[in-house]
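Here are the chains, one letter per residue:
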Amino acid sequence: PWSKSADIKVTGYRKPFWGVIAAADGLKSPEAYVSADVRALPHSATSASGFPTSLAVPAGSQMVVFFAKHGVKNALTATDDNAMNAGVTFTKVENACSVEGANGFTGADYDLWYVDWKAGIGSAKQLTLKWS
């Protein structure tokens, strides 16, 4: 039979979200993201720290965005493997928006990292990402 134990704890997490976006995909300015936009991004992880270490960015892309619960990640450095490891600068916005949890659970503040290629990139990029 099952019994209740004081040693068992359930810890929730807030998963990160990210996406590579072109104008046809509903490009928004980074300040305009709200909870529903973040949760609708095409990629998410199954753990709070589950960000990718590499990312393919197709030609024509205009923006890459990453959202993580505030304080989970502090810094992101990125290089473009297709351009002799040239640096790619992401801008960080702390507490960019509040993102609801599963089933409309109370929102939590999320940080945003983004890179904006306003006119779109001419050729594909393969980014190597380092999180800390």
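Our subject is the structure listed above.
My aim in this report is to walk through the structure given alongside it, one point at a time. What you see is a predicted model; the values in this text were computed from it and never measured. (Residues numbered from 1 in each chain as written. Predicted model: local features only at pLDDT ≥ 70, side-chain atom pairs only at ≥ 80, totals over all residues. Heavy atoms only, no water.)

### Details of the overall build of the protein chain
Point 1. A count of helices and strands for the protein chain gives one helix and nine strands.
Point 2. Going residue by residue from the N terminus, the α and β elements of the protein chain occur as β-α-β-β-β-β-β-β-β-β.
Point 3. Counting only C-alpha atoms and orienting by the principal axes, one finds that the protein chain spans roughly 60 × 30 × 25 Å.
Point 4. When each of the 132 residues of the protein chain is scored for burial, the buried share is 36%.
Point 5. Within the protein chain, residue pairs in contact and separated by at least 24 positions form 77% of the contacts whose partners lie at least 6 positions apart.
Point 6. The average position of the 12 basic charges and that of the 11 acidic charges among the side chains of the protein chain differ by 7 Å. (Helix = DSSP H or I, 4+ residues; strand = E, 2+ residues; numbered from the N terminus. Buried < 20%, exposed > 50% of the residue type's maximum accessible area, 1.4 Å probe, protein only. Contact = heavy atoms within 4.5 Å. Lys, Arg positive; Asp, Glu negative; His and termini not counted. Charge placed at Lys NZ, Arg CZ, Asp CG, Glu CD.)

### Regarding the nonpolar core
The nonpolar side chains of a soluble globular protein tend to be buried, and buried together.
Point 1. One finds Leu55, Val57, Val64, Phe66, Phe90 and Leu129 to be the most contacted residues of the largest nonpolar core, which totals 20 residues.
Point 2. Elements supplying a minimum of two residues to this core: β1 (17-21), β3 (54-57), β4 (63-69), β5 (76-80), β8 (108-116) and β9 (125-131).
Point 3. In contact with Leu55, not counting residues within four places along its chain, are Trp18, Val20, Val64, Phe66, Lys125, Gln126, Leu127 and Leu129.
Point 4. Residues Ile21, Leu41, Met63 and Val99 belong to the second largest nonpolar core, which totals 14 residues. (Core = buried A, V, L, I, M, F, W, Y, C linked by side-chain atoms within 4.5 Å.)

### As for the sheet that holds β3
Point 1. Across the sheet, which stays open at both edges, the four strands sit in the order β3-β9-β5-β6 with antiparallel pairing between neighbours. What marks the edges here is a single partner per strand, and that holds for β3 and β6 (86-88). Geometrically, the sheet is characterised by an average inter-axis angle of 30° between neighbouring strands, direction not taken into account.
Point 2. Judged from the three bridges that link them, β5 and β6 form a sheet pairing that is antiparallel. Looking across to β6, one finds that Asp80 is bridged to Ala86. (Pairing = 2+ DSSP bridges. Axes fitted to C-alpha atoms, helices over the stretch in contact; angles between N-to-C directions.)

### Section: the pattern of salt bridges
Pairs can form between side chains of opposite charge whenever their charged atoms are close.
Point 1. Tallying each qualifying case throughout the model produces three salt bridges.
Point 2. Among the salt bridges present, the one from Asp80 reaches Lys125, with a minimum N-O distance of 3.2 Å. Separated by 45 residues along the polypeptide, Asp80 in strand β5 and Lys125 in strand β9 bring together distant segments of the chain.
Point 3. Accessibility expressed as a relative area gives 4% for Asp80, which makes it buried.
Point 4. For Asp116, the salt bridge is made with Lys118, and the minimal N-O distance between the two is 3.2 Å. (Salt bridge = Lys/Arg side-chain N within 4 Å of Asp/Glu carboxyl O.)

Any functional reading would require information that these geometric values do not contain.
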